[in-house]
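Structural overview for review
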Amino acid sequence: MLSSLFLIHSAKWASFLLPSIHKISKTGNNKFNAENDGDFPMKRWLKNKRIKEDVKHKEWEQSFIKSKDFKKIFYYNQKTNIRFCLTFMATLVDENIIQDGILPNLLEDEFREIEDIKQLVPVADVQICDDPSLIEQKLMNGYVMLTVETEMKHFGFIAAQKEIVRGISQPEVEFSVIGPKEAFVESLGQNLNLIRKRLPVKELIIEEFTLGSLSKTSIAMMYMENITNEDNVNTVRQRLTNVKFDAITDSSYIVQLISDNSNSPFPQLLDTERPDRVAGILAEGKIAIVVDGSPHVLITPTTLVEFFSSFEDYFLNWLLSSFFRLIRLFAVAFSILVTPIYVATLSYHYELIPKDLMNTLITSRREIPLPPILEALFLELTIELLREAGARLPTKVGQTIGIVGGIVIGTASVEAGLTSNVLLIIVALAALASFTTPVYRMGNTIRLLRFPFLFFAELWGLLGIVFCFCILLTHLIRLTSLGRPFLEPLYPPRVTDMKDALIRLPFEKQSKRPLYLRTKNPFRFSKKKAEEKQDIDE
Amino acid sequence: MKKLAIFFLAVLLTGCVDKEIIDDINIEVAVGYDLLEGSEDTYRGTILFQEFQTDKSVINRTYSGNGLLRKDLILDVSKQTSEPVVTGGLKLAIFGPDISEKGIYDLVDSFQRDASIGARLFILTAEEKAEEVLEGNYGSRGNSTYIYNLIEHNIEHHDIPYTNLHLTMRDFYQKGEDPFFPQIKKISNDKVEVSGISLFQGDKEVDVLPVEKMFFFKLLVDKYSEGNFEVKLPGGDLAAVKSIRSKRKISILDKKTNIKITIRGVIREYTGKTLTQEVIKKIEKGLEKEIERETLKLLKKFQKLEIDPIGLGRMKKTQTRNFDFKKWEDDYKNMDFNVTSDVLIEETGVIE
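Every chain's residues receive numbers from 1 upward, in the order its sequence appears when written. Each chain gets a letter, beginning with A, and each ligand a number, beginning with 1, in the order they are written. Under the rules for a predicted model, residues below a pLDDT of 70 receive no local features and side-chain atom pairs below 80 are neither given nor counted, while totals for whole chains, interfaces and linings still include all residues. Hydrogens and waters are ignored; side-chain quantities use all the structure's heavy atoms.

The subject of this paragraph is the overall build of chain A. Under the scheme used here, helices are H or I runs from DSSP no shorter than 4 residues and strands are E runs no shorter than 2 residues, and both carry numbers assigned from the N terminus. If you tally the helices and strands in chain A, you get 18 helices and twelve strands. Only protein chains enter the accessibility calculation, which uses a 1.4 Å probe. A residue is then buried if its area is under 20% of the maximum for its type, exposed if over 50%, and partly exposed in between. Relative to its 538 residues, chain A shows a buried fraction of 46%. The contact criterion used is simple: two residues touch if any of their non-hydrogen atoms lie within 4.5 Å. Put simply, 63% of the contacts in chain A that link residues at least 6 apart link residues at least 24 apart.

Across the boundary between the two partners, chain A contributes 26 residues, which contact 29 residues of chain B. Roughly 2300 Å² of surface becomes buried between chain A and chain B when both sides are summed, with 65% attributable to carbon and sulfur atoms. Salt bridge criterion: a side-chain nitrogen from Lys or Arg within 4 Å of a carboxyl oxygen from Asp or Glu. The tally of links between chain A and chain B comes to three salt bridges. Between Arg141(B) and Asp356(A) there is a salt bridge whose closest N-O contact spans 3.4 Å. Polar contact is defined as a pair of N or O atoms within 3.5 Å, subject to the rule that within protein one atom must be able to donate a hydrogen and the other to accept it, and that residues adjacent in sequence are counted only when both atoms are side-chain atoms. Linking chain A with chain B are nine residue pairs in polar contact (both at pLDDT 80 or more), by the criterion used here. At the level of secondary structure, the elements contributing two or more residues to the side of chain A that touches chain B comprise helix 11 (318-347), helix 12 (355-365) and helix 16 (440-478) of chain A. Per-element accounting of the side of chain A that touches chain B gives the leading share, nine residues, to helix 12 of chain A. In this count, Pro and Cys sit with the nonpolar residues alongside Ala, Val, Leu, Ile, Met, Phe, Trp and Tyr, while Asp, Glu, Lys and Arg are called charged and the others, Gly among them, polar. When grouped by side-chain class, the residues that make up the side of chain A that touches chain B number 14 nonpolar, five polar and seven charged. Once two parts are put together, the accessible area they lose, assessed with a 1.4 Å probe and summed over both, is termed the buried area.

Turning to the packing of helix 13 (residues 372-392) of chain A against helix 15 (residues 421-434) of chain A, a few remarks are in order. Residues and elements named next belong to chain A. Direction vectors running N to C along helix 13 and helix 15 enclose 40°, while the axes themselves pass 10 Å from each other. Taken together, the axes of helix 13 and helix 15 lie oblique to each other. Relative to helix 15, helix 13 is oriented so that their crossing is right-handed. On helix 15, the residues that touch Glu375, Ala376, Leu379, Glu380, Ile383 and Arg387 of helix 13 are Leu423, Leu424, Val427, Ala428, Ala431 and Ser434. Think of each axis as a best-fit line through the C-alpha atoms, taken over the contacting stretch in the case of a helix, with angles from 0 to 180 degrees between the N-to-C directions. Oblique is the label for any angle not under 35 degrees, not over 145, and not in the 65 to 115 range, which are roughly parallel, roughly antiparallel and roughly perpendicular in turn. Each helix crossing is assigned a hand: it is left-handed if the near helix lies turned anticlockwise from the far helix by less than a right angle, otherwise right-handed if that turn is clockwise.

With that out of the way, let us pick up the nonpolar core. Definition of nonpolar core: a set of buried residues of the types Ala, Val, Leu, Ile, Met, Phe, Trp, Tyr and Cys, connected through side-chain atoms within 4.5 Å. Membership of the largest hydrophobic core comes to 132 residues, with the highest contact counts inside it found for Leu282(A), Ile147(B) and Phe302(B). Residue contributions to this core peak at 13 residues, all from helix 16 of chain A. What Ile147(B) contacts, discounting residues up to four positions off in sequence, is Leu92(B), Ile94(B), Leu124(B), Val133(B), Tyr138(B), Ile184(B) and Val192(B). Counting 27 residues, the second largest nonpolar core, distinct from the first, contains Val31(B), Ala93(B), Ile99(B) and Ile104(B).

Many analyses report the size of an interface as the accessible area lost when the parts associate. Residues and elements named next belong to chain B. Boundaries between domains were set according to an automatic or database domain assignment. Taken domain by domain, chain B holds domain 1 (18-209) and domain 2 (213-352). Taking the mean C-alpha position of each, domain 1 and domain 2 sit 31 Å from one another. Facing 25 residues of domain 1, the contacting portion of domain 2 comprises 26 residues. Approximately 2000 Å² of surface area, both sides summed, lies buried where domain 1 meets domain 2, with 58% of it carried by carbon and sulfur atoms. For domain 1, the biggest contributors to the area lost against domain 2 are Asp159, Gly176 and Leu209; these three give 28% of the whole. The interface formed by domain 1 and domain 2 holds two salt bridges in total. For the salt bridge of Glu177 with Arg314, the shortest nitrogen-to-oxygen distance reads 2.3 Å. On the surface where domain 1 and domain 2 come into contact, there are ten residue pairs in polar contact (both at pLDDT 80 or more).

All names here are of chain A. Defined by distance alone, a disulfide is two cysteine sulfur atoms within 2.5 Å. All told, the structure shown has zero disulfides over all chains when counted by the stated rule. Between Cys85, a free cysteine, and Cys129, which holds the nearest cysteine sulfur, the sulfur-to-sulfur gap is 15 Å. Note on Cys468: no disulfide assigned, nearest cysteine sulfur contributed by Cys470 at a separation of 9.2 Å.

Looking at chain A as a whole, the pLDDT averages 84, with 88% of positions reaching at least 70. Each residue carries a pLDDT value, the predictor's own confidence for that position, ranging from 0 to 100. Ignoring residues within four places in sequence, the model shows residues 1-39 of chain A, a span with pLDDT below 50, making 34 contacts including any to other chains.

All names here are of chain A. By the convention used here, strands pair only if DSSP detects at least 2 bridges between them. Judged by pairing direction, the sheet is antiparallel, and its five strands sit side by side in the order 6-7-9-10-8 without closing on themselves. Each end of this open sheet is capped by a strand with a single partner; those strands are strand 6 (204-211) and strand 8 (270-272). Within the sheet, the average angular offset between the axes of one strand and its neighbour, ignoring direction, is 25°. Inspection of the sheet shows strand 9 (residues 287-291) paired to strand 10 (residues 297-300) by three bridges, in the antiparallel sense. Looking across to strand 10, one finds that Ile289 is bridged to Leu298. Along the sheet, helix 10 (residues 275-284) contacts strand 6, strand 7 (217-224), strand 8, strand 9 and strand 10; its crossing angle with strand 9, the most-contacted strand, is approximately 145°.

Attention shifts here to the pattern of salt bridges. Oppositely charged side chains can form a pair if their charged atoms are brought close together. All names here are of chain A. Applying the stated criterion across every chain, the model contains 43 salt bridges over all chains. Put simply, Glu186 and Arg166 hold a salt bridge, and the shortest N to O gap is 2.9 Å. Placement of the pair is Glu186 in the loop between strand 5 (151-159) and helix 7 (188-198) and Arg166 in the loop between strand 5 and helix 7, with a sequence separation of 20 residues. A relative accessible area of 35% places Glu186 in the partly exposed class. For Glu380, the salt bridge identified is with Arg450, shortest N-O distance 2.8 Å. A residue pair is termed long-range when its members are at least 10 positions apart, and Glu380 in helix 13 and Arg450 in helix 16 qualify at 70 residues. Given the relative accessible area of 0%, Glu380 is considered buried. Linked through salt bridges whose partners overlap, the residues forming this network are Glu284, Lys286, Glu306 and Arg524.

A few words now on the packing of helix 7 of chain A against helix 10 of chain A. Residues and elements named next belong to chain A. Between helix 7 and helix 10, whose axes approach to 9 Å, the crossing angle comes to 55°. One finds that helix 7 runs oblique with respect to helix 10. Here the hand of the crossing between helix 7 and helix 10 comes out right-handed. Of helix 10, the residues touching helix 7 (which contributes Leu194, Ile195 and Arg198) are Pro275, Asp276, Val278, Ala279 and Leu282. Residues belonging to the contact of helix 7 with helix 10 are distributed by class as follows: six nonpolar, no polar and two charged.

Right, dumping it as structure tokens:
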């Protein structure tokens, strides 16, 4: 009874103060642990002295010791009786590595000086340095710091990162029925592995940066050394090093921080969660930016048409994928323009309505007290509300909201005479069409673009729509991605790049890499060689 | 700041644009003009509106007013309607017999000045008062749609030559060509029919071609046309020939005009027994003769009436340098015509 009480008590105490030590002392040899060596008076005296020394914390330790997970533990080697110390962040390191891979060797083998860890510790990443400024960074990256009392100027670092990685799952946003089903996860290493696996050549360069004064996010820039344009690489490198921000938690931050025009509603860096797509664009001569902690990899430079091409297009026959691309193009135009055109036509241009459609439109609007613009705004906002509500709620509730909102609100507002059923169909179709964009970010842009168009349609009718379209076009023409024209190949027109823009021609027709990338090696393959018929040996 | 100012200026200026929300306006879909009884120059106009019911049926509403200008009519009618009258939906303009004889140019002119009126407007003449024609109830989609579609399909597949506001205006302004309009007739309160072609000299009606002559008229006037005709064979048998393609070639010499008409047709109906090659030849010959006789008659008639609906003067003008129109008018009166025709029956139906 008493003992069990004690046990609970001690367990509590231990877990509160030293959760890691508690574990170690259970399994490891605790005979020579600093806390338990009460047998030798000489040692105790020494120890007391040392503890006083230890209490005088070094400068770098000052803020560390306030954290509960900061551990600094002293051990004695059994053979040489040398006293060493392991310092680490308990939350960042994998205790199993310390327990099984580091401690047994350090305690039991002949350990005299810090250089010995290269022989003793069976861990791949072992470093020794004498620069105390590195300590903080290393500790925070999940290294265990080893110090020996005889060599206070040297520090050994042993990698023992705890990797909590989500298993590789299917892509959620860019799902495709045909083709690979792997998607990126939140770990930089894992993501780089997924890409390198697909491009096993030495020309694939990975440059690493650490950004964010607080988050210290690792960011990898990938490109093909013999293909990618040097200027592009330099621009990305420069922009990345110029980033001044405290916490970068996702690649979306990087998109906004390094894009050419951050006031544009259009994303100028394409983000993807498909490793196959990244491999594809690296081979084209683009640059990929992988951010630790983000399952989305950024692609740059990019063009507007790329946002409307799904990677599945490359898995399908060129006829099919061209057709789907054209459908998507139509869907986007439809989604942006149909409600504004409805408002413009009904408010200003009744002459344009075919005489057979007149009856339908007028009877559906007869009972509506609102002018077309308010009616359209009301429905558009309803759809936006549904989307926002659906996106914020858990999946199952979200679905219910979608159905309830779509059917109940729609039907009820028509019955109540707030909106006409023709407009309800139009708005629903427009919302549906905006989902056809393969890149989610672009879908959001399209959602927003509809409103200025609506505004101008109300002001000046079709003339206003044309006016707004001109503004949009001007903006797009001025827009660049990494200094390369965003509207290419539509403007400036480039026939070579048209082959993989609004339509996609067969692969054998695309022997050149995109022109606007100005690659070092503009040919994907030799057209001549590809056309040569090889004899079949029989 | 400057940009912002320009933007707000633009927004504020939009108060000047007139809004015409489709359910808050009365769209004029057809208009009819007659001469006011007992008056020399005041006309009586009738405007047709469509009132769409919630069950998608259409009620025809007509409002009438008097005036000297077309604007007077709209002002008069606006006093009676609950919503502002707009003209953009106008599809038909019907002129009664008395006003057609007096001249319609002033009224038609106002159509082309109004930017919201389309060029595909049909101008028609009526055998009775236009007001009466518009007050009927034809079809379920409204009077205007009914009459418009009636004329349209007759132009496309039958014997009315191609006409609309655009071509009419060209004819008005073009020397050496006179306009013509389809004429309609109300046969009962829910039926209306094509009753002929009104021939105009300038903007005044001078004669009406009966329905039987329309096929030949269309052959002369339209470059390519479809149409139907009956051929009576010597034996008393009847054959209905549908022309699927016809072409006319006109060459105008100083004293003589040669017109060659080529027809490719199919036989749709035949009352006799078997349709042998000889019979087909006979039908072809019969039709050729008939065409030559009838078109010549028409041409003589035009000469007598001093009208030129085919536009021979226009054609001659395009081919002659320093064209003297005064001289042409004399030439035309004494012009000799030579019509040849060539009919080829290409098909006689599925049972051969």
